[in-house]
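# Chain and residue survey
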Amino acid sequence: MDKLIPTINKLQMIFASAGIDYNIELPQIAVIGAQSSGKSSVLESIVGRDFLPRGSGIVTRAATVLQLIRTKENNPDEPEDYAIFGHRPGEKFTDFSKVRDEIQAETNRLAGENKGISERPIILRIFSPYLLNLTLIDLPGLTKVPVGSQPQDIDKIVRNMVLDYIRSPNCIVLAVSAANTDIATSDSLHLAREVDPKGDRTFGVLTKLDIMDKGTDALRVLKGKEYPLKLGYVGVVCRSQEDIQNNKSLKNALKAENKFFENSAIYKEVKDRSGIPYLSLQLSKLLNQHILKCLPELKKKIDTQLNERKIELASYGHSISDNPEAGRTYLLSLISDYSKYYRDSVEGSTKVVENNDYKVGARIQIIFQEYYVNDINNLDPFDELADEDIRTAILNAKALNPSLFIPEAAFELLIRQQINRLLVPSLSCALQIHNELRNMAIYCQVAELDRFEKLKDKIMEVVTELLKDCLEPTEQMIRNLIEVELGYINVNHPDVLTGISAVLSMLRGYDENPGVRELTNREEEKIRSPKRINSKATPSFIIEKDTPKEFEERVELGALPEMIRAEGRPSAREALEVKIIKELMLSYFKVVVTRVADIVPKVIVSFLVEKSLSEVHDRLVHKIFTQTGWEKLMEENPLIAEKKANCKNIIAVLKEAQKVINEIRNTKFD
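Residues numbered from 1 in each chain as written. Predicted model: local features only at pLDDT ≥ 70, side-chain atom pairs only at ≥ 80, totals over all residues. Heavy atoms only, no water.

What follows deals with the overall build of the protein. The helix and strand inventory of the protein stands at 22 helices and 9 strands. Residues classed as buried in the protein amount to 44% of the 670 residues present. Sequence separation of at least 24 residues holds for 81% of the intrachain contacts in the protein that already meet a minimum separation of 6. Working note: accessible area of the protein is about 36800 Å², and carbon and sulfur atoms make up 50% of it. (Helix = DSSP H or I, 4+ residues; strand = E, 2+ residues; numbered from the N terminus. Buried < 20%, exposed > 50% of the residue type's maximum accessible area, 1.4 Å probe, protein only. Contact = heavy atoms within 4.5 Å. Areas by Shrake-Rupley, 256 points an atom, 1.4 Å probe, with all protein chains shown as cover.)

Right under this line is the structure:
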């Protein structure tokens, strides 16, 4: 049983010296109490030495871990009583006034000199043959009013710090309260109840029993009838402030305490369970029992965290600085891993789907089907082409030779304009697929690449260059495809016959309606007849002076406009021609759209997607692996290197802690 507390002391030293967050809750006793509750006096009485700083306001501004260690008596090689600080492990303090000064100095170093609070503990080991093995954590006194330059919320800061310690189920709360105040208003008991509502792990200490008002006593509290605690209460009588100022020794104080309980008629029935010696013995027994209870779970937590940290360390990869050949091999494996993940992300491997990672293959399909194909299928060839534009094209195509049927040149001119509109969305689709591949390249989840920021940037540079090289022929192929469609208008395509049939139907309707034909002829005649466009315009012909008068009267031509466009209400023939050419255009445009919608995605997949998939590995090897200076690319990211070093430190600490735990694993305790 004597090995238990020293074991926990070793663990505290191991964890504290590492200065890292180990997240292991050790079994311990935390001492809490309001300012002026007598908390410091209780601790000094247990130790038997004056060693704690005293003064007004908050004196204890950092948690102090007191490890009391019993030594052998009459050891000629060691001083009888001495102290060693965790932050000064090689120095023994035999003058306890210097211990007080060092506590104050270390507190100022950790928390500053402005009455601030530090969460970093001070570890103080005190050795004496007159002590019982015991570990206590002295926490800052609970306060409500800031002093001097302390923060206005100092009460919350102290309260939160205390709660951080006593919240752990492995912590026994030693709640110190002054007996000359109402127990119902005790700050320490009130805070302890927040984390231990049933009082299962709270141990009460009542101080100042000797200065209670006449006619009052704390017997009912000590017997657990006012505020019951499972671990009970111990009443103590420590030195008063006057005793301290008069340099009353702790030895004499213990004698005075014993005399008080011996002579007290009120506390006669609890005198055997009162006083500092009894408190020290009970705390030592309680802590041993508590450690024994917590030991299996403590070992389990240390083993679990050790395994977790080993896994974390493995995720950062092995160090390569000491073995260049191994580093080169590792570089090649990283390139292979990246290339594989690049391909898997596009092809939708099981691993990528299960990890819910960036599914670029699925996104490419969505772009093709739900955006590109839909967009060009919904493209209206006449949304930017008015009937007047069609009439003008027909008029220009007829030139000097009026045709009996619609001029083929007008149809080809108009349909080429609409086919050309397919180029922009097709190129945009290729660019969007390129951007998806580039984004996927950025987010490729090869975790170990995070270690090498320069390598990661270089890979991204090479892949970006590869995608650019693939995009250029892809865009050129799309341009060629549209040029092919523009170069030959194949009206004999089988799927265009539907449109031609509609045209023939309209022509039959035109021939079978003489009224329409007669009306059309009259309107054609009107259109062909000369008319004045602008009476004030400059004449197109200059009349010479000797022109015969009868000829001069016939010349009525005005100036022609710079651009001739079909204007006004169309004739029946014009309306029919417009309708025919629109039917032809719509039929042919649908054929071209269907063909382009099928071929463009194939071009993009073949020239961009598949090309990048097949070349990414070889390109990375050529641009990185075979080049000189690859060692610089394998320099670890400083942040990752720091995490790795921190992880190694934690593993070393946990291994040492595991070794300490294993030393007593097979020990039998009474």
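This part is about the sheet that holds strand S8 (residues 202–207). Strand pairing in a sheet takes place through backbone hydrogen bonds and is either antiparallel or parallel in direction. Strand order in the open sheet made by the 9 strands is S4-S3-S5-S2-S6-S1-S7-S8-S9, with mixed pairing throughout. Where the open sheet ends on each side, the last strands, each with one partner, are strand S4 (88–93) and strand S9 (233–235). The mean inter-strand angle of the sheet, taken between neighbouring strand axes irrespective of direction, is 25 degrees. Pairing of S8 with S9 involves 3 bridges; the strand directions are parallel. Its bridge partner being in S9, Leu206 is matched across the sheet by Gly235. Sheet contacts for helix H5 (residues 187–195): strand S1 (28–33), strand S7 (171–178), S8 and S9; angle to S7, the most-contacted strand, approximately 155 degrees. (Pairing = 2+ DSSP bridges. Axes fitted to C-alpha atoms, helices over the stretch in contact; angles between N-to-C directions.)

It is worth spelling out empty space enclosed by the protein at this point. A full pass over the atoms with the stated rule returns 1 cavity of 30 Å³ or more. Here the largest cavity is characterised by a volume of approximately 60 Å³. As for the largest cavity, its lining consists of Leu52, Pro53, Val59, Thr60, Arg61, Ala62, Thr64, Ile103, Gln104 and Thr107. Those elements that provide at least two residues to the lining of the largest cavity are strand S2 (62–70) and helix H3 (96–111). (1 Å grid on protein atoms, 1.4 Å probe; cavity = no way out; pocket = protein on both sides within 12 Å on 5 of 7 lines; lining within 4 Å. Points joined across faces, edges and corners; volume = space filled by probe spheres on them.)

What follows deals with the packing of helix H12 (residues 360–377) against helix H15 (residues 423–442). At a closest axis distance of 10 Å, the pairing of H12 and H15 adopts a crossing angle of 165 degrees. By the angle between their directions, the pair H12 and H15 is classed as roughly antiparallel. At the point where H12 passes H15, the crossing takes the right-handed sense. Note on element contacts: H15 touches H12 through Pro425, Ser426, Cys429, Gln432, Ile433, Glu436, Leu437 and Met440, opposite Val360, Arg363, Ile364, Ile367, Phe368, Tyr372 and Ile376. Grouping the amino acids of the contact of H12 with H15 by side-chain chemistry returns 11 nonpolar, 2 polar and 2 charged. (Parallel < 35°, antiparallel > 145°, perpendicular 65-115°, else oblique. Left-handed = near helix turned anticlockwise from the far one by under 90°. Nonpolar A, V, L, I, M, F, W, Y, C, P; charged D, E, K, R; others polar.)

This part takes up the environment of Ile367. Mapped onto the elements of the fold, Ile367 is located in helix H12. Once the C-alpha coordinates of Ile367 and Cys429 are considered, the two residues, 62 residues apart in sequence, prove to be 7.5 Å apart. In contact with Ile367, other than residues within four places in its own chain, are Tyr372, Cys429, Gln432, Ile433 and Glu436.

Looking at the element boundaries, Asp303 is found in helix H9 (residues 276–315). Sequence separation between Asp303 and Gln658 is 355 residues, and the spatial gap between their C-alpha atoms is 7.1 Å. Reaching out from Asp303, the side chain makes a polar contact with the side chain of Lys299 at a distance of 2.8 Å. Reaching out from Asp303, the side chain makes a polar contact with the side chain of Gln658 at a distance of 2.6 Å. (Polar contact = N/O pair within 3.5 Å; in protein donor to acceptor, adjacent residues only side chain to side chain.)

Turning to the confidence of the model for the protein, a few remarks are in order. In the predicted model, the protein carries a mean pLDDT of 82, and the fraction of residues at 70 or more is 81%. Low pLDDT, under 50, characterises residues 519–543; the predicted model gives this stretch 24 contacts beyond four residues in sequence or across chains. (pLDDT = per-residue confidence, 0-100.)

We now examine the pattern of salt bridges. The tally for this structure, following the rule as stated, stands at 25 salt bridges. The salt bridge involving Arg88 is made with Glu91; its shortest N-O contact spans 2.3 Å. Since its relative accessible area comes to 28%, Arg88 is described here as partly exposed. Between Glu269 and Lys223 there is a salt bridge, with the nearest N and O atoms lying 3.2 Å from each other. Placement of Glu269 in the loop between helix H8 (250–263) and H9 and of Lys223 in the loop between helix H6 (219–222) and S9 is noted, with a sequence separation of 46 residues between them. Owing to a relative accessible area of 47%, Glu269 belongs among the partly exposed residues under this scheme. (Salt bridge = Lys/Arg side-chain N within 4 Å of Asp/Glu carboxyl O.)

Here we take up the packing of H9 against helix H22 (residues 638–663). Running from N to C, H9 and H22 cross one another at 150 degrees; their axes reach a closest spacing of 9 Å. Taken together, H9 and H22 sit at an angle that is classed as roughly antiparallel. The element H9 and its partner H22 pack so that their crossing is left-handed. Seen from H9, the contacting residues are Leu295, Leu298, Lys299, Ile302, Asp303, Gln305, Leu306, Arg309, Lys310, Glu312 and Leu313; seen from H22, they are Lys644, Cys647, Lys648, Ile650, Ile651, Leu654, Lys655, Ala657, Gln658, Ile661 and Asn662. A class-by-class count of the residues in the contact of H9 with H22 yields 11 nonpolar, 3 polar and 8 charged.

A few words now on the nonpolar core. Ranked by internal contacts, the top residues of the largest apolar core, which has 80 residues, are Tyr338, Tyr342, Ile433, Leu437 and Leu455. When residues of this core are traced back to their parent elements, those giving at least two are helix H10 (324–347), H12, helix H13 (387–398), helix H14 (408–420), H15, helix H16 (453–487), helix H20 (572–625) and helix H21 (630–633). A total of 24 residues in this core trace back to one element, the largest contributor, which is H20. For Tyr342, the residues in contact, after removing those within four places along its chain, are Leu437, Met440, Ala441, Cys444, Val463, Leu467, Ser612, Leu613 and Val616. (Core = buried A, V, L, I, M, F, W, Y, C linked by side-chain atoms within 4.5 Å.)

It is worth spelling out unusual backbone geometry at this point. With a phi angle near 65 degrees, Ser36 is a residue other than glycine that sits in the positive phi range. What makes Ser36 exposed here is its relative accessible area of 63%.

Most of S1 sits out of view: 6 of its 6 residues are buried. Here S1 shows no split at all, with Gln28, Ala30 and Ile32 on one side and Ile29, Val31 and Gly33 on the other all buried. Here 6 bridges tie S1 to S7, and the two strands are oriented parallel to one another. Bridge assignment links Gly33 to a residue of S7, and that residue is Val176. Strand direction decides the pairing type here: S1 and strand S6 (residues 134–138), joined by 3 bridges, are parallel. In the strand pairing of S6, Val31 is matched with Asp138.

On to H9. At Leu295, H9 is bent by approximately 45 degrees, the largest bend along its length, and proline Pro296 sits one to four residues beyond. One or two positions beyond H9, positive phi appears at Gly317, with a value near 85 degrees. (Bend = angle between axes of the 7 residues up to and from the residue.)

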